[in-house]
Protein chains: 2
Amino acid sequence: MSLLVVGSVAFDTVETPFGRAERVLGGSATFFAFAASYFCKQRLVGIVGNDFPRAILDEFGTRGIDIAGLTISRDGKTFHWTGKYEGDMNAAQTLGVSLNVLGEYKAAVPEAFRDSPYVFLANDHPQTQLDVLAAVKGEPFSVADTRDFWISEEPKLLEKVLGAVDGLVLNEHEARLLTGEKNLVRAGMDIMKRGPEFAVIKKGEHGSLLFSSEGTFALPAYPLFDVRDPTGAGDAFAGGLMGYLAASGQRSLEAVRRGLTWGTVCASVAVQDFSVEPFRRVTREQLNTRHDAFMHAIRF
Amino acid sequence: MSLLVVGSVAFDTVETPFGRAERVLGGSATFFAFAASYFCKQRLVGIVGNDFPRAILDEFGTRGIDIAGLTISRDGKTFHWTGKYEGDMNAAQTLGVSLNVLGEYKAAVPEAFRDSPYVFLANDHPQTQLDVLAAVKGEPFSVADTRDFWISEEPKLLEKVLGAVDGLVLNEHEARLLTGEKNLVRAGMDIMKRGPEFAVIKKGEHGSLLFSSEGTFALPAYPLFDVRDPTGAGDAFAGGLMGYLAASGQRSLEAVRRGLTWGTVCASVAVQDFSVEPFRRVTREQLNTRHDAFMHAIRF
């Protein structure tokens, strides 16, 4: 089934202990869509500037990502994030943000996208997330991500998002910031009280936790020894989860659990090189092989 | 089957954001033995001072821990560790160490203990660990723990220990220090080259990793929301693992994997209150219930 994603499509300039990548493809929706493209067709809503390469637009198409909802601005430049990872690479240091066309963006969901049964609201302004949810007909299965900036700056709008979605996916720092709870189990339980049916707390190299009415589910990360650039790992994680659910037409908590194993595998692919490079190389067959290895590493 | 443990029996003075405990029962062998006592009978080798309470010696006995190998010094005082946990409580800050009777201790393994088929060398001087291994007859299944101090101060002796044991259990900081590898998967693989058949890297609230010739196995921690004092969690983890193996008479890698789930559960009990208090309250039935909950939280 079709999966709609709204979020940023961007250029990233990233430095890690393993190298530097200048103005490469990035953005929350991009990493999400590249990962989910192994599972299902997608519909992308977002905006890029007049500097965005035609070749990449074509690449989205080749991956089964419909860009009819991607506004290509004539007047501005593409959102550009500059960041750095040091030490154990668990947290990005933002060195610069040029919002550019993203600054004034109002999400426009094409008519043809409004019957999407699966919706992912990647990290974006909560108002954009609410606008997209309002535009979609019926009762889509909707999951949102967010980040520290929106938690601090738009808490009321974000609460509305939490009341409207089926699930929330966020990292451990964001979960602590959102709830004021240091302990992640308490944080997860607190998020549950705010509306969503489930919450996933991503812990990077330490795996993830799923909270729902059926209790807590814990998943380790895929054990990796070659992490080169963590950018986009969380978005790719969500892409694997939502891609799996949309492809199989499921939305049960049991299916979310299984989806998290695919999210884990997609995140482990994303971090092995800069930008979306790993996804340009990895085949679905290789993804399956890694998933088998992961299940072997966690299963009894 | 009988499980021999050598390590420290101590007094701890601990401060955490949740309170302070003054001169309470602690030590690597103590936490290990209290956890393992849910599974099998044990033989304890170590030393305490003339200030050690008779009531606690009796408590060891009640738990099926044979203290015929516990020297009670007439001339000195019991080893005393003072430490503090702050913030996310992932690492202890040592404020003071009074070695006391531990300073001059030479391990003496009673004749009756020398047929032990399972041996755990809790954190201790590597020479003590080697002496105990040499004293035990036959081919016991042996696992060692260690800590930063011995890695830095006695690297050669520690290498000998690694060459002599079946398994090594250590925390992530120690694994990084021992191998010089930041990445834990690389660290685990490096440890494997030094002799042991398997290595377990404990990551505290983030679970554990098992390395062996059969690849890597990853386990999350038990999701807890009431951590009051992490002291002894790693020792209790090893106690659950070794207790399970000794009780079932197993030593296969598959059994080690299952044992790690019991270790995880024992560690989750240990951190819920100061000293060994949680083990004074928790029944085997409650341990089983928590293990069921844990398996539910990680199993597919």
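Scroll up a little and you will see the structure.
All chains use their own residue numbering, which begins from 1 and follows the written sequence. Chains and ligands are labelled sequentially in the order written, the chains with letters from A and the ligands with numbers from 1. Whole-chain, interface and lining totals are the exception, using all residues; otherwise, since this is a predicted model, local features are given only for residues with pLDDT of at least 70 and side-chain atom pairs are given and counted only at 80 or more. Values reported for side chains reflect all heavy atoms of the structure, with hydrogen atoms and water molecules removed beforehand.

### Comments concerning the overall build of chain A
Helix and strand definitions follow DSSP, with helices as H or I runs of at least four residues and strands as E runs of at least two, each counted in order from the N terminus. Within chain A one finds 11 helices and 13 strands. Projecting the C-alpha coordinates of chain A onto the three principal axes gives extents of approximately 55 × 40 × 35 Å. Put simply, chain A has 300 residues, and 60% of those count as buried. Here the open area of atoms and residues is found with the Shrake-Rupley method and a 1.4 Å probe, where only the protein chains shown may cover a residue. With the model as given, the accessible surface of chain A reaches about 11800 Å², and the carbon-plus-sulfur share is 50%. Charge assignment: positive for Lys and Arg, negative for Asp and Glu; neither His nor the chain ends contribute. Throughout, a charge is located at the NZ atom of Lys, the CZ atom of Arg, the CG atom of Asp or the CD atom of Glu. Taking the average place of the 31 positive charges on the side chains of chain A and the average place of its 37 negative ones, the gap between the two points comes to 2 Å. Categorising residues by exposure relies on relative accessible area from a 1.4 Å probe, with only protein chains included: less than 20% of the type maximum marks a residue as buried, more than 50% marks it as exposed, and the intermediate range marks it as partly exposed.

### Topic: the packing of helix 1 (residues 28–36) of chain A against helix 8 (residues 233–248) of chain A
All names here are of chain A. Only the stretch in contact is used when fitting a helix axis, every axis being a line fitted to C-alpha atoms; angles between N-to-C directions are given from 0 to 180 degrees. Interhelical geometry of helix 1 versus helix 8 gives an angle of 40° and a closest axis separation of 7 Å. Taken together, helix 1 and helix 8 sit at an angle that is classed as oblique. Like other packed secondary-structure pairs, helix 1 and helix 8 cross with a definite hand, here right-handed. For the pair helix 1 and helix 8, the contacting residues are S28, F31, F32, A35 and A36 in the first and D235, A236, A238, G239, G240, M242 and G243 in the second. Angles below 35 degrees are treated as roughly parallel, those above 145 as roughly antiparallel, those between 65 and 115 as roughly perpendicular, and all remaining angles as oblique. The hand of a helix crossing depends on one turn: near helix anticlockwise from the far one by less than a right angle means left-handed, and clockwise means right-handed. Contact definition: two residues touch when any of their heavy atoms are within 4.5 Å.

### Points about the interface of chain A and chain B
Contact with chain A, which involves 31 residues of that partner, is made by 31 residues of chain B. Summed over both partners, the accessible area (1.4 Å probe) lost when two parts come together is defined as the buried area. For the pair chain A and chain B, the summed buried surface comes to about 2700 Å²; carbon and sulfur atoms form 58% of the total. When the buried surface of chain A facing chain B is broken down by residue, A:H206, A:F225 and A:F300 rank first, second and third, together holding 27% of it. Just to be clear on terms, a salt bridge is a Lys or Arg side-chain nitrogen sitting within 4 Å of an Asp or Glu carboxyl oxygen. At the surface where chain A touches chain B, the tally comes to 0 salt bridges. Throughout this description, a polar contact denotes any pair of N or O atoms lying within 3.5 Å of each other; where both atoms belong to protein, one of them has to be capable of donating a hydrogen while the other can accept it, and for residues adjacent in sequence the pair is counted only when both atoms sit in side chains. Here chain A and chain B share 12 residue pairs in polar contact (both at pLDDT 80 or more) between them. Residues are grouped as follows: Ala, Val, Leu, Ile, Met, Phe, Trp, Tyr, Cys and Pro are nonpolar; Asp, Glu, Lys and Arg are charged; all remaining types, including Gly, are polar. When grouped by side-chain class, the residues that make up the side of chain A that touches chain B number 14 nonpolar, 6 polar and 11 charged.

### Description of the relation of the copies chain A and chain B
Screw-axis analysis of chain A against chain B gives a translation of 0.0 Å along the axis, an RMSD of 0.0 Å, and a rotation angle of 180°. As the rotation angle and translation indicate, the two copies are arranged about a two-fold axis. Mapped onto chain B, 100% of the interface residues of chain A are again interface residues, and the two copies thus contact each other with one and the same surface. A least-squares fit on C-alpha atoms brings the copies together, and the residues used are those whose pLDDT is at least 70 in both copies.

### Observations regarding the pairing of strand 13 (residues 215–219) of chain A
All names here are of chain A. With 4 of 5 residues buried, strand 13 lies mostly within the body of the structure. What makes two strands pair is DSSP finding at least two bridges between them. For strand 12 (residues 208–212) and strand 13, the ladder comprises 5 bridges, and the chain directions are antiparallel. Bridging across to strand 13, S212 finds its partner in G215. Linkage of strand 12 to strand 13, two consecutive antiparallel strands, is achieved through a turn of 2 residues.

### Some points on the nonpolar core
Remark: nonpolar core denotes a set of buried residues (Ala, Val, Leu, Ile, Met, Phe, Trp, Tyr, Cys) joined through side-chain atoms within 4.5 Å. Ranked by size, the top nonpolar core spans 62 residues in total, and within it A:V9, A:F52, A:M242, A:L245 and A:L260 carry the most contacts. No other element matches helix 9 (residues 253–270) of chain A, which puts 10 residues into this core. With residues near it in sequence (within four places) discarded, A:M242 still touches A:L3, A:F32, A:Y118, A:V119, A:F120, A:F141 and A:V143. If you look at the next biggest cluster of nonpolar residues, it comprises 61 residues, including B:C40, B:L70, B:V169 and B:V256.

### Section: the pairing of strand 5 (residues 65–72) of chain B
Both strand 4 (residues 42–48) of chain B and strand 5 of chain B contribute to a ladder of 6 bridges, which runs parallel. For B:V48, the partnering residue across the bridge sits in strand 5 of chain B and is B:I72.

### Comments concerning helix 1 (residues 28–36) of chain B
With respect to burial, helix 1 of chain B is a largely interior element, 9 of its 9 residues being buried. Buried residues of helix 1 of chain B: B:S28, B:A29, B:T30, B:F31, B:F32, B:A33, B:F34, B:A35 and B:A36, and no others.

### What about the sheet that holds strand 6 (residues 80–85) of chain B?
Residue and element names in this part refer to chain B. Taken in spatial order, the 4 strands line up as 3-2-6-7 in an open sheet, and their pairing is mixed. Strand pairing shows two members of the sheet lacking a second neighbour, strand 3 (19–26) and strand 7 (92–98), which therefore form its edges. Here the strands of the sheet are splayed against their neighbours by 15° on average, with no regard to which way each runs. Inspection of the sheet shows strand 6 paired to strand 7 by 6 bridges, in the antiparallel sense. When the sheet's bridge partners are listed, K84 is paired in strand 7 with Q93. Of the strands in this sheet, strand 2 (10–16) and strand 3 touch helix 1, which is tilted by about 85° from strand 3.

### Some details on the sheet that holds strand 2 (residues 10–16) of chain A
All names here are of chain A. Pairing in this open sheet of 4 strands is mixed, and the strands run 3-2-6-7 from one edge to the other. In this open sheet, the two strands that pair with only one neighbour each are strand 3 (19–26) and strand 7 (92–98). The mean inter-strand angle of the sheet, taken between neighbouring strand axes irrespective of direction, is 15°. Sheet analysis places strand 2 next to strand 6 (residues 80–85), joined by 5 bridges and oriented parallel.

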